[in-house]
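Breakdown of the fold
In case you want the letters, here they are:
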Amino acid sequence: MEKAAGSPAVGGSYPQKNAEILSSQYGISLFLAGLLLTFAWAVHAVGISKSHLLSYLITLMLIQLLWMLWYLCRSCTQRRLIRDKDTHAGARWLKCGITLFAVITLILDSFKIGYYIDFSNCLSPTEGIFPVTHAVHTILQVYFLWCHAKDVIQSFKTLERFGVIHSVFTNLLLWTNGVLTESKHQLNEHKERLITLGFGNITIVLDDHAPQCNCTTTTLCSIFSQGIYYLYPFNIEYHILASTMLYVLWKNIGRKVEHHQQNKTPFKFHGITVGMIFGLIVLTSTIGIVVVYLIQIGGSKIKSELALTMFYLHAIFVLALMCTAGIVALLIYRLEDRSLDNSKNPARKLDAELLVGTAAGSWLLSWGSILAIICAQAHPKYTWYNLPYSVLVIIEKYIQNLFIIESIHREQEKVNDNIKTLRIVTISRGSTLSLTPLHKEIYNGRATRDTGEVPCLFKGSICGTDNDGAGVAQEETSQDNISVMHSASDFSFYSRNSVTNSKRRILKNIAAFLFLCNLSLWIPPAFGCRPEYDNGLEEIVFGFEPWIIVVNLAMPFSIFYRMHSAASLFEVNCKT
């Protein structure tokens with residue numbers, strides 16, 4: 001009978017597992033088709049134009065819009081039902097972050113619409129339809145993620161798997177399209193800068209996708225065309241964040257959630273002043289370095305070399321500080337004895353995998369630079385600064401990944417319940433205040449029967465008795481000993497608590513400092529300060545085209561790593 005009863009449950013899991021496999025294959029197929037279209041447009045394949053790529057993306061966005069509308073309507077009709085929620089998914093700060101990026105993405109779409117209007121005579125209609133569709137898609141998707149990112153879907157599971165995975169890969173394709181467009185713009189600028197550094201033997205052929213007609217209003221066209229590329233980094237981060245949140249939603253479909261109260265972890269500025277001050281100094285100096293770099297690079301050979309040297313020295317100093325902070329945090333963890341939370345958590349698992357996976361992008365670039373320095377026959381002076389910079393990039397990510405992954409897996413520290421009620425029991429000469437049943441429950445972790453028995457405060461120290469006559473005599477003769485033991489235990493607790501608070505304060509300051517440092521290191525590559533492009537030594541060793549391909553593939557992951565690390569460190573700061 002037990003076997004028969006268990007069979008349906010076991011058999012019932014197979015259709016859902018098949019649905020998961022089929023939906024993932026469907027999503028990968030969509031992504032590969034879009035990737036090939038994107039690649040064909042990038043290399044100017046015969047018969048493939050930008051309008052074909054945009055038509056494909058518009059179709060995917062419209063399908064996702066239909067699915068999200070269906071899901072929202074169905075949720076409204078079932079709003080009275082109690083739904084399972086994954087408390088770890090869709091944190092409020094993550095939703096605020098994606099909303100900020102979405103707002104800037106809407107500004108980008110408005111610039112694209114204005115650009116299309118000015119060049120409407122020679123642009124395909126799809127280039128006007130795409131930003132409009134994308135704006136509607138962005139607004140509805142942000143609303144959907146705010147309302148339903150925590151959902152654990154238990155009905156229409158097969159259909160929902162296909163809808164969610166379609167949304168995941170639609171956002172990944174939009175991310176790929178943004179990365180490619182922004183990379184092509186950066187590559188054109190990079191080719192022009194190489195001449196100023198003396199690399200005249202590299203063939204300079206600009207990959208121009210500009211419209212073949214005149215603009216109706218020259219000033220606006222210049223604003224739109226230049227502004228678009230400064231907004232692309234935010235659009236890129238928006239789509240990768242959306243795809244990760246939707247992926248967690250897909251992994252949660254059909255999942256059995258353990259019902260327990262999740263401790264809230266609000267962000268507080270109290271106690272992290274030192275970390276914030278040093279982090280803001282790094283952030284301010286980085287912005288200044290980026291501005292000077294973008295002004296100086298490409299001006300002349302001397303200015304370009306000075307810009308590269310300045311960038312490397314600043315980055316070496318910041319990375320050395322980050323390595324030191326990470327090592328201190330790990331040493332504090334080694335001194336603590338706290339267990340790790342190994343419960344099933346799709347959001348946390350994805351965070352750890354993304355940290356290691358995206359770090360591989362910058363590791364690839366760093367090892368390429370190290371090999372170029374070792375193998376190159378001629379070494380301009382500024383290239384020697386690239387060696388410690390590349391080594392520190394590798395080491396810093398090793399240390400930071402270990403710190404973040406251990407932090408998000410550590411169980412939150414629980415306050416000892418005995419400590420909370422320590423002050424309730426007051427023992428003074430000649431008088432004793434007994435505990436109420438409520439406080440007995442706090443001590444014992446359960447409801448105790450009203451027998452007049454007072455639980456022990458400390459092992460072998462203070463115990464209440466039912467015999468009042470004998471208890472009074474014994475109590476009077478032991479008041480001095482009790483007071484001494486109470487004072488010693490109280491002092492021991494506060495001593496331990498002081499040490500714990502000091503460690504906690506140091507960890508919070510380290511997390512705040514690393515959070516701002518990662519934001520600082522996100523800014524240079526996101527806004528065009530890329531020495532991997534401008535160094536020139538790697539192109540000589542590996543060849544121009546191979547190295548540019550490596551940089552274009554690895555750089556988006558390196559940029560995303562910094563933003564994802566900043567988000568993870570924000571969470572670490574809240575949990576510490």
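In this text, all values refer to a predicted model and were calculated from it rather than measured experimentally. (Residues numbered from 1 in each chain as written. Predicted model: local features only at pLDDT ≥ 70, side-chain atom pairs only at ≥ 80, totals over all residues. Heavy atoms only, no water.)

Side note on the overall build of the protein chain
Each helix and strand counted, the protein chain has 17 helices and two strands in total. In the protein chain, which comprises 576 residues, the proportion classed as buried is 48%. Within the protein chain, contacts between residues at least 6 apart in sequence are counted, and of these 85% link residues at least 24 apart. (Helix = DSSP H or I, 4+ residues; strand = E, 2+ residues; numbered from the N terminus. Buried < 20%, exposed > 50% of the residue type's maximum accessible area, 1.4 Å probe, protein only. Contact = heavy atoms within 4.5 Å.)

What to know about the environment of Ile272
Mapped onto the elements, Ile272 comes out in the loop between α6 (218-251) and α7 (273-296). Taking the C-alpha atoms as reference, Ile272 lies 6.8 Å from Ala512; in sequence the two are 240 residues apart.

Let's talk about empty space enclosed by the protein
Counted under the stated rule, the structure contains three cavities of 30 Å³ or more. Put simply, the largest cavity is a space of about 360 Å³. Lining the largest cavity are 29 residues, and of these Phe311, Tyr389, Leu521, Pro525 and Glu532 sit closest to its centre. Looking at the lining of the largest cavity, the elements with two or more residues in it are α7, α8 (301-335), α9 (346-375), α10 (386-409), α14 (479-526), α15 (531-534) and α17 (544-575). Considering every element that reaches the lining of the largest cavity, the biggest residue donor is α8, with six residues. Here the second largest cavity is characterised by a volume of approximately 110 Å³. Forming the boundary of the second largest cavity are 13 residues, of which Glu182, Ile236, Arg530, Pro556 and Ile559 lie nearest the centre. Its residues placed into classes, the lining of the second largest cavity shows nine nonpolar, one polar and three charged. Of the residues that make up the lining of the second largest cavity, three or more belong to each of domain 1 (15-256) and domain 2 (268-412 + 499-575). (1 Å grid on protein atoms, 1.4 Å probe; cavity = no way out; pocket = protein on both sides within 12 Å on 5 of 7 lines; lining within 4 Å. Points joined across faces, edges and corners; volume = space filled by probe spheres on them. Nonpolar A, V, L, I, M, F, W, Y, C, P; charged D, E, K, R; others polar. Domains from an automatic or database assignment.)

Brief notes about the confidence of the model for the protein chain
On average, the protein chain scores 77 in pLDDT, and the residues at 70 or more come to 72%. A low-confidence stretch, residues 415-467 stays under pLDDT 50, and its non-local contacts, those more than four residues away or across chains, total 64 contacts. Between residues 469-473, whose pLDDT stays under 50, and residues either more than four places distant or in other chains, the model counts one contact. (pLDDT = per-residue confidence, 0-100.)

A closer look at the pattern of salt bridges
Scanning all chains against the criterion turns up five salt bridges. Between Lys349 and Glu353 there is a salt bridge; the shortest N-O distance is 2.6 Å. Residue Lys349 and its partner Glu353 are located together in helix α9, separated by four residues, close to a single helical turn. A relative accessible area of 40% places Glu353 in the partly exposed class. (Salt bridge = Lys/Arg side-chain N within 4 Å of Asp/Glu carboxyl O.)

Comments concerning the packing of aromatic side chains
Evaluated as defined, the whole model comprises 21 aromatic pairs. Ring centres of Trp70 and Phe156 lie 5.6 Å apart, and the angle between their planes is 90°; this geometry places the pair in the edge-to-face category. Note that Trp70 is positioned in helix α2 (residues 50-77) and Phe156 in the loop between α4 (126-148) and α5 (157-196), a separation of 86 residues in sequence. The class of Trp70 is partly exposed, set by a relative accessible area of 33%. For Phe156, a relative accessible area of 47% gives the class partly exposed. A centroid spacing of 5.7 Å and a plane angle of 65° characterise the contact between Phe234 and Phe527, whose relative ring orientation is edge-to-face. (Phe/Tyr/Trp six-rings, centres within 6.5 Å; stacked < 30°, edge-to-face > 60°.)

Looking at the nonpolar core
Ranked by internal contacts, the top residues of the largest apolar core, which has 126 residues, are Phe144, Phe311, Met322, Tyr389, Phe403 and Leu514. It is α6 that contributes the most residues to this core, 16 residues altogether. The contacts of Phe311, once residues within four sequence positions are left out, are Ile289, Tyr293, Tyr389, Pro524, Cys529 and Pro531. (Core = buried A, V, L, I, M, F, W, Y, C linked by side-chain atoms within 4.5 Å.)

Some points on a nonpolar patch on the surface
Where nonpolar side chains cluster on the molecular surface, the patch consists of Leu371, Ile374, Ile540, Val541 and Phe542 and spans about 430 Å² of accessible area. The dominant element in the nonpolar patch, judged by the number of residues it contributes, is helix α16 (residues 537-542), at three residues. With respect to the secondary-structure elements, Ile374 resides in helix α9. (Patch = residues over 30% accessible without salt bridge, like charges linked within 9 Å, V, L, I, M, F, W, Y side chains within 5 Å. Areas by Shrake-Rupley, 256 points an atom, 1.4 Å probe, with all protein chains shown as cover.)

Let's talk about the packing of α10 against α17
Interhelical geometry of α10 versus α17 gives an angle of 40° and a closest axis separation of 10 Å. Viewed along their axes, α10 and α17 adopt a mutual orientation that is oblique. Where α10 crosses over α17, the two elements pack in a sense that is left-handed. When α10 is examined against α17, the residues Glu396, Lys397, Gln400, Asn401, Phe403, Ile404, Ser407 and Ile408 are found in contact with a partner set consisting of Tyr561, Arg562, Ser565, Ser568, Leu569, Val572 and Lys575. When grouped by side-chain class, the residues that make up the contact of α10 with α17 number six nonpolar, five polar and four charged. (Axes fitted to C-alpha atoms, helices over the stretch in contact; angles between N-to-C directions. Parallel < 35°, antiparallel > 145°, perpendicular 65-115°, else oblique. Left-handed = near helix turned anticlockwise from the far one by under 90°.)

Things to note about the packing of helix α3 (residues 92-118) against α4
The contact between α3 and α4 brings their axes to 9 Å, and the two run at 165°. One finds that α3 runs roughly antiparallel with respect to α4. For the pair α3 and α4, the crossing hand works out as left-handed. Residues Arg92, Lys95, Cys96, Ile98, Thr99, Ala102, Thr105, Leu106, Asp109, Lys112, Ile113 and Tyr116 of α3 pack against Glu127, Gly128, Phe130, Pro131, Val132, His134, Ala135, Thr138, Ile139, Val142, Leu145 and Trp146 of α4. When its residues are assigned to classes, the contact of α3 with α4 shows 14 nonpolar, five polar and five charged.

Digging into the state of the cysteines
With the rule as written, the count across this model stands at zero disulfides. The closest cysteine sulfur to the non-disulfide-bonded Cys76 is located on Cys73, 6.4 Å from its own sulfur. Residue classification places Cys76 among the partly exposed residues on the basis of a relative accessible area of 46%. (Disulfide = S-S within 2.5 Å.)

A short note on α17
Here α17 spans 46 Å end to end across 32 residues, near enough to the 46 Å set by a 1.5 Å rise per residue. Bending of α17 peaks at approximately 30° at the position of Ala554, with proline Pro556 no more than four residues after it. Taken across its 32 residues, α17 has 23 buried, putting it largely inside the fold. (Expected span 1.5 Å × (residues − 1). Bend = angle between axes of the 7 residues up to and from the residue.)

Quick word on the side chain of Asp151
Secondary-structure assignment places Asp151 in the loop between α4 and α5. Of the polar contacts made by the side chain of Asp151, one reaches the side chain of Tyr71; its length is 2.8 Å. Polar side-chain contacts of Asp151 include one of 2.8 Å to the side chain of His148. Discounting chain neighbours no more than four positions away, the residues touching Asp151 are Tyr71, Asp84, Lys85, Leu249 and Asn252. (Polar contact = N/O pair within 3.5 Å; in protein donor to acceptor, adjacent residues only side chain to side chain.)

With respect to the side chain of Thr244
With respect to the helices and strands, the residue Thr244 is situated in helix α6. What Thr244 contacts, discounting residues up to four positions off in sequence, is Leu350, Leu354 and Phe560.

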